[in-house]
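Breakdown of the fold
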Amino acid sequence: MGKSSRYTAHTADVAGLIHYSDTEHHTWQYLIHRQAPCIQGKACKEYLHGLATLSLPTDRIPQLPEINVVLQDTTGWRVTPVPALISFDHFFQLLANREFPVATFIRTPEDMDYLQEPDIFHEVFGHCPLLTNKDFAAFTHTYGRLGYHATKEERVYLARLYWFTIEFGLLNWQPTSATDRAYRVYGGGILSSIGETEYAWSSRPSIVPFDLLTVLRTPYRIDIMQPRYFLLDSFETLLELSQLDLLHWVRQAQQLGLLPALFETPVSA
């Protein structure tokens, strides 16, 4: 959002279908066959249930209308094709209308392991499964409505809430063995990335209980593995968050200011 992209999204035909190249379909096939086994035992049950409900194709890039059939039936959401990058106004407006933006391009083979821009694999495989969950969908809808009416300064703080929940959130979990982790992943930024999935399962990141005020004050960078993840008790907590006066908490965070960053700030050229 706000920057130019070297990727160009595809335009759908009159039937709402997009004609991808064989190379693009092969990229999807490679990504989904690599990531699906990686998230087993790591993704939360709600995500895995949503993934099974969507029944995404593994041999081709899915068409958005077929995803919409499932989302509309489960939570009343839909996905909407967008260019590679969109404005914050457009982003929040879509969420407020229960429309999840999906950039209709897929990464090139050269960017297979890391991509700063959200492509269709990230959006569909990473995020769409949980849009079948009513609590997650309600939180995302409320977030969009709040963000659409927030000021530019308030949106900066709200972006951290999105980042540490929808993109990089962890969910509390009762371990079943001595080697099992006490959490599962629900953030799409982790679940769509093999590197971030393995990293989140290592001992390197700091994992702390979710605290709304702390989340709103925690700096982040988009181009590194996250040094800290926040652990949510349950999806019911997301529903409870959606019922709070979140902008009241944002204003408290603004008054207190940011917490010290857990990473080095890149030097501008």
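Residues numbered from 1 in each chain as written. Predicted model: local features only at pLDDT ≥ 70, side-chain atom pairs only at ≥ 80, totals over all residues. Heavy atoms only, no water.

Rules: UniProt positions are given in the numbering used here, feature names are shortened, and annotations may be inferred rather than shown by experiment.
Per an unreviewed UniProt entry, the protein chain is named Phenylalanine-4-hydroxylase, and its organism is Proteobacteria bacterium 228. Of the protein chain, the UniProt comment under Cofactor (unreviewed entry) reads exactly: "Fe(2+)". According to UniProt, the comment filed for the protein chain under the heading Pathway (unreviewed entry) is "Amino-acid degradation; L-phenylalanine degradation; acetoacetate and fumarate from L-phenylalanine: step 1/6."

1. So, the overall build of the protein chain
Our working definition: Every helix listed is a DSSP run of H or I at least four residues long, and every strand listed is a run of E at least two residues long, numbered separately from the N terminus. Using C-alpha atoms as the atom set, the radius of gyration is obtained and then compared with a globule rule of 2.2 Å times the number of residues to the power 0.38. Using a 1.4 Å probe on the protein chains alone, a residue whose accessible area is under 20% of its type maximum counts as buried, one over 50% counts as exposed, and one in between counts as partly exposed.
Across its full length, the protein chain holds twelve helices and six strands. Expected size for 269 residues packed as a compact globule is a radius of gyration near 18 Å; at 18 Å, the protein chain falls within 12% of this value. Overall, the protein chain is about 50 × 45 × 45 Å in size when its C-alpha atoms are taken along their principal axes. Within the protein chain, the proportion of its 269 residues that are buried is 54%.

2. Thoughts on helix 12 (residues 246-256)
Filter applied, for reference: Comment: arc refers to directions from the helix axis out to C-beta atoms. Only heavy atoms matter for contacts: two residues are in contact if any of them lie within 4.5 Å across the pair.
Inspection of helix 12 places L246, L247, V250 and A253 among the buried residues, and these make up the whole buried set. Around the axis of helix 12, the buried residues are gathered within 110° of arc, so they sit on the same side. Seen from the buried face of helix 12, the exposed residues on the opposite side, beyond 90 degrees, are Q255 and L256. Looking at the buried positions of helix 12, the neighbouring elements they touch are helix 6 (134-149), helix 7 (152-167), helix 10 (212-216) and helix 11 (235-242). Two residues or fewer after helix 12 comes G257, characterised by a positive phi angle close to 85°.

3. Observations concerning the sheet that holds strand 4 (residues 183-185)
Under the convention used in this document: Two strands form a pair only when DSSP identifies at least two bridges running between them. Only the stretch in contact is used when a helix axis is fitted, and all axes are lines through C-alpha atoms; the angle between N-to-C directions ranges over 0 to 180 degrees.
The sheet built from four strands is open, its strands ordered 4-3-6-5 with mixed pairing. Each of the sheet's edge strands pairs with one partner strand only, and the pair in question is strand 4 and strand 5 (206-209). Taken pair by pair, the neighbouring strands of this sheet meet at an average axis angle of 35°, ignoring direction. Strand direction decides the pairing type here: strand 5 and strand 6 (residues 228-232), joined by four bridges, are parallel. Among the inter-strand pairings, S206 is bridged to a residue of strand 6, identified as R228.

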